[in-house]
Amino acid sequence: MTSTTVQRHRAPVVDAAAHRPGLGAALSWESRKLRSQLRTKALLVGAVLAPLAVVVIVHSQPRPPKDTLFGRFATDNGFAMALLVLGFASQWVLPLLTAVVAGDIFASEDQHGTWKTVLTRSTSRSTLFWAKTAVAVAFALVTLALLAASTIAASWLVVGHQPLTGLSGQVVPAHTALALVAGAWASMALPIIGFTCLALLFSVWSRNAAVGIAAPVVLGLVMQLVGALGGIETLRPFLLSTPFEAWHGLLAAPRFTGPLLDSLVTSAGWSVVCLTAAYLILRRRDITGG
Amino acid sequence: MQTPPHTALAVEAVDVTKRYGDLVAVDHLSLSVAPGEVYGILGPNGAGKTTFLRMLFGLIRPDSGTVRVFGRTWADSGVGVLDGVAGFIESPRFYPYLTGRQNLEGLALLDGGDRGSRSRRIEGVLDVVDLAGREGDKVAGYSYGMRQRLGVAASLLRDPRLLVLDEPANGLDPGGIRDMRALVTRLADSGLTVLLSSHHMDEVEEICDNVTIMARGQVAFHGSIGDLRAMAPDPGHLLSTSDDALAVALAREQHPDIAVETDPEGGLVAIGSRERLSAYVADLVRADLELRQFTPTQTPLEALFFMLTDTRTDTRTGTRSAKGAGR
Amino acid sequence: MRRSIISVVLALVAVVAVSGAVLAGTGGGSSVTQARLERSLPTEFANLYSQQARLLGHQGVTPASLQAEAMCDKGGAVEDNVGPGSNWNCLVSWTDPNNPMPPEGYGKFELDVHSNGCYTASGPSKLVGFQTITDRRGAEVTNPVYEFDGCFDPQGDNTPTGVEFPSLVQVTTTALQPSDDGTVSLQLSCGTGVAGCQGTVDAKAGDTDLGTVPFTIPEEQTATVHFPTPVPAGADSVDFTVTVTKGVSSKGPGVPATTTLTLPAG
């Protein structure tokens, strides 16, 4: 061991304070970590390739899958195919996609015992919390965008772009249909952010990546089940699975956007509650492991 | 109330307590570390050393009491408390899927500062801890000793005025321990304030100016290594002769100031000052006894350490009776 | 791990508790209502039916010209017309010169309605055709109105549409089986519609009048009408004339419908 740099260590305190890193540094660090993980790359590649495979397989079926909305047109209409994949993805694929990253992002620090490593630098818990949250949300949105683009492109190329029969029996010309299908996919952003925040909460709370990933998906399925039951439909506006169906109004004539507004309120409510709880838990937590 | 940073103590803990349910991990601990000092916290595992260091770093919040670092507290300065402070707690941990250099780069990001100086400093600290050449490997493939050294590198990256090292030699092989001690000594010699925790007396004895010995969350001794030496008991020696009975008799008759007892595991144990033992041994030889073994049992400080920490363990009955010897 | 399980259980308990509280506070209303279906279904049907007309090459059919309207009912008289379920029935009437309505004036659609406001409707095949139809170029294509999906606005107009159709009274007995004393019974069904069915059945075996028996049947139920006079020996069939005062017979409003059933030999 040589001792070249050991001699200079009297860094003035004021200097350190002046250079205290902001959210940007933490964001840069968190996204760098995310990008170097294999699972991130696998998810992004999957989001591009899986829709292609699904579209090709569904298209080759002799009978269209009629039990999902737009399924009956899926084998001969590309827009219907893209909406069928959307309906299917929103059941559990979208919550899972975001939870794989968001459910792990806090818990992995516990798994690797690295909380004490990062929290003994000059970045506060709050800064790290918001950096991780922002990175998880950004990842969810990027994944959704890739999935949507890939699905729409694959459906267009494999099945075609004929005029679409909407949910009020109206015929929607191809260019309008494309915009509406893209809009329907875009409306997934709200519940996906909600599920991301839910996964973040589980990640902070359980300190266990498996729980962080599985719990939001299971909870999503439970909410879907509860939402489908008759007699307790007043619960529907409070369920995070309901916003996944808000796009239906876009494909009706006349269009209705009330559910999209509800979706905004519901998703924002879940996000705020989950993030607040996660933030408080992390702030108050004693880091004893690692 | 708050002292300006430049005149403040490096570390000042006042009446710090942390409980986990019924277990009192740290029990009304007070200590102060002056700037430039090399300070040891000694204690067996579970004594509360690590819990205290975690409170210093803000990883754990004390139930009561305050910890000041260069005059700042977590309550008033937040993460600013850690300006000029670096170190690691228990074994340093890194992201196994990143390389050593990537880990350091990330931590440097979290330290702030500009990009150019960060990269230069990383080269420097890698050199210091002898990891240059391995920095491109994933940490997953590092040995325990390499991770320990990467931990030191990550700490030096912060250009600390206070370096906190928790059991830095833990888990290292003898060569690694030697290197680590040499490094700590060199860092200490460079004028850094070092707070070192250990459960080995000899590790602390060599380099520390002052020590706190902890047991069961409480202070068992508090003071300088000199004070500690003065308190140390006479060294014990294992003794074996051609006629142990005669040797015992000789001690009783001519050397009342040393104690010679039969050791249950065979041979004799002689306790007394060095000079008096030498005189006794000379008398044994003069009495034509053949000296077969004469070896020290423990170093005096080790003996004292065990005495301090064990006694406390034995006499403790849940009351906070005796506070540390130095209080 | 135990900690994690506790977390999940706590989360589920919290969800159930909140759900319970919300339910208790609101009483469990549903956005799936009769009025919303009665607005959504005819609109969609009219759009799809004019698609079908284009496929078949029928002229002069537009969504507006069909003047489609519907009356929907869930589970007959015993259930409130609200909430999701696969037991919704909608009576739809429309005007197509190429394809006149049956005497009762409507066709019955069966709907499976989901809580999200989407439904799958199956049309009456005798009115709308089967799953595939032959288009004007001779190709087999999917019939757009045989079965279709639609969604209504869960916050849409919920004022009653006022569309009402009478229940259809039908004879469901296909083979007469006289009892030991020589008397016969007839089974009648009352279909979906407003206010149930009422009327009389007159039975004649040759020249012998077996009696006129009144009936009152709730919506979507069946009833058996018993005739007190035994069938005379040698008669080989019985004519039943159903006169409907509330509801509609299979011959149309106010028109008595006669069904002839043969008696078993011997």
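Reading the values: rules and limits
Residues numbered from 1 in each chain as written. Chains lettered and ligands numbered in written order. Predicted model: local features only at pLDDT ≥ 70, side-chain atom pairs only at ≥ 80, totals over all residues. UniProt positions renumbered as here; feature names shortened; annotations may be inferred. Helix = DSSP H or I, 4+ residues; strand = E, 2+ residues; numbered from the N terminus. Buried ≥ 20, exposed ≤ 12 C-beta atoms within 10 Å, placed from the backbone. Contact = placed C-beta atoms within 7 Å. Pairing = 2+ DSSP bridges. Axes fitted to C-alpha atoms, helices over the stretch in contact; angles between N-to-C directions. Left-handed = near helix turned anticlockwise from the far one by under 90°. Nonpolar A, V, L, I, M, F, W, Y, C, P; charged D, E, K, R; others polar. Core = buried A, V, L, I, M, F, W, Y, C linked by C-beta atoms within 7 Å.

Within an unreviewed UniProt entry, the label attached to chain B reads ATP-binding cassette domain-containing protein, and the organism entered is Nocardioides flavescens. The Sequence similarities (unreviewed entry) field of the UniProt record for chain B holds the comment "Belongs to the ABC transporter superfamily."

As annotated in an unreviewed UniProt entry, chain A is ABC transporter permease subunit from Nocardioides flavescens.

Summing up its helical and strand segments, chain B has 11 helices and 13 strands in all. With respect to the three principal axes, the spread of C-alpha positions in chain B is 75 × 50 × 35 Å. Every one of the 327 residues in chain B was classed for burial, and the buried ones make up 45%. Within chain B, counting contacts between residues at least 6 apart in sequence, those at least 24 apart form 71% of the total.

Moving on: the overall build of chain A. The number of helices and strands found in chain A is 11 helices and 2 strands. The order of α-helices and β-strands along chain A, N terminus first, is α-α-α-α-α-α-α-β-β-α-α-α-α. Projected onto its principal axes, the C-alpha positions of chain A cover 80 × 45 × 30 Å. With 290 residues in all, chain A has 52% of them scored as buried. For chain A, the proportion of contacts with a sequence separation of at least 24, taken over those separated by at least 6, is 74%.

This brings us to the pairing of strand β2 (residues 85-93) of chain C. Residues and elements named next belong to chain C. When strand β1 (residues 69-74) meets β2, the two strands line up antiparallel, connected through 6 bridges. By the bridge assignment, D73 is partnered in β2 with N89. With 6 bridges joining them, β2 and strand β3 (residues 107-113) adopt antiparallel strand pairing. Considered in β3, the bridge of W88 is made with L111.

What follows deals with the packing of helix α7 (residues 125-158) of chain A against helix α11 (residues 258-284) of chain A. To characterise two packed helices, one gives the angle between the axes of the helices and the distance between these axes. Residue and element names in this part refer to chain A. It is the contact of α7 with α11, at a shortest axis distance of 10 Å, that shows an interaxial angle of 145°. Our pair here, α7 against α11, has a crossing hand that is right-handed. In this structure, α7 uses R125, S126, F129 and T133 to contact α11, whose residues at the interface are L275, Y279, L282 and R283. Grouping the amino acids of the contact of α7 with α11 by side-chain chemistry returns 4 nonpolar, 2 polar and 2 charged.

On to the UniProt feature "transmembrane region" (unreviewed entry) in chain A. Residue and element names in this part refer to chain A. UniProt feature "transmembrane region" (unreviewed entry): in the numbering of this structure it lies at residues 42-59, 79-107, 128-157, 177-202, 209-232 and 264-282. For residues 79-107, helix accounts for 97% and strand for 0%, while the C-alpha atoms at its two ends are 39 Å apart. Strand forms 0% of residues 128-157 and helix 100%; the C-alpha atoms that close the span are 43 Å apart.

A common way to state how big an interface is: give the accessible area lost once the parts meet. Taken together, the contact between chain A and chain C spans 31 residues of the former and 34 residues of the latter. Per-element tally for the side of chain A that touches chain C: the top contributor is helix α10 (residues 209-228) of chain A, with 6 residues. Residue composition of the side of chain A that touches chain C, by class: 15 nonpolar, 12 polar and 4 charged.

Here 2 pairs of chains make contact, and the pair sharing the most contacts is chains A and B. Chain C makes no contact with chain B, the minimum C-alpha separation between the two being 16 Å.

Our focus in this paragraph is the nonpolar core. In terms of nonpolar packing, the biggest core is built from 204 residues, with L83, L198 and L200 of chain A, A153 and V194 of chain B together with C90 and V92 of chain C touching the most fellow members. Counting residues per element, this core draws most heavily on helix α4 (residues 78-105) of chain A, at 16 residues. Apart from residues lying up to four places away in sequence, L200 of chain A is in contact with A102, I105, F106, T133, A136, C274, L275 and A278 of chain A. If you look at the next biggest cluster of nonpolar residues, it comprises 20 residues, including L168, A203, A205 and L210 of chain C.

Let's shift gears to unusual backbone geometry. Here the residue pair A253 of chain A and P254 of chain A is connected by a cis peptide bond, since its omega of 0° sits within 30 degrees of zero. Phi at F70 of chain B takes a positive value of approximately 50°, unusual for a residue other than glycine. On the neighbour-count criterion, F70 of chain B (26 C-beta atoms within 10 Å) is buried. Notably, E220 of chain C is not glycine yet its phi reads approximately 55°, a positive angle. With respect to the secondary-structure elements, E220 of chain C resides in the loop between β11 (208-217) and β12 (221-226).

Right, let's talk about the sheet that holds strand β12 (residues 268-271) of chain B for a bit. In a beta sheet, neighbouring strands pair by backbone hydrogen bonds and run either parallel or antiparallel. Residue and element names in this part refer to chain B. With respect to topology, 4 strands assemble into an open sheet ordered β11-β12-β10-β13, the strand pairing being antiparallel. The sheet is open, and its two edges are formed by β11 (259-262) and β13 (291-296), each paired on a single side. If you compare each strand with its neighbour and ignore which way they point, the axes differ by 25° on average. By the bridge criterion, 4 bridges tie strand β10 (residues 236-241) to β12 in an arrangement that is antiparallel. In the strand pairing of β12, L238 is matched with V269. Against the sheet, helix α9 (residues 244-254) makes contact with β10, β11 and β12, and its axis sits at roughly 155° relative to β11, the strand it touches most. Lying on the sheet, helix α10 (residues 274-286) is in contact with β10, β12 and β13; it crosses β13 at an angle near 170°.

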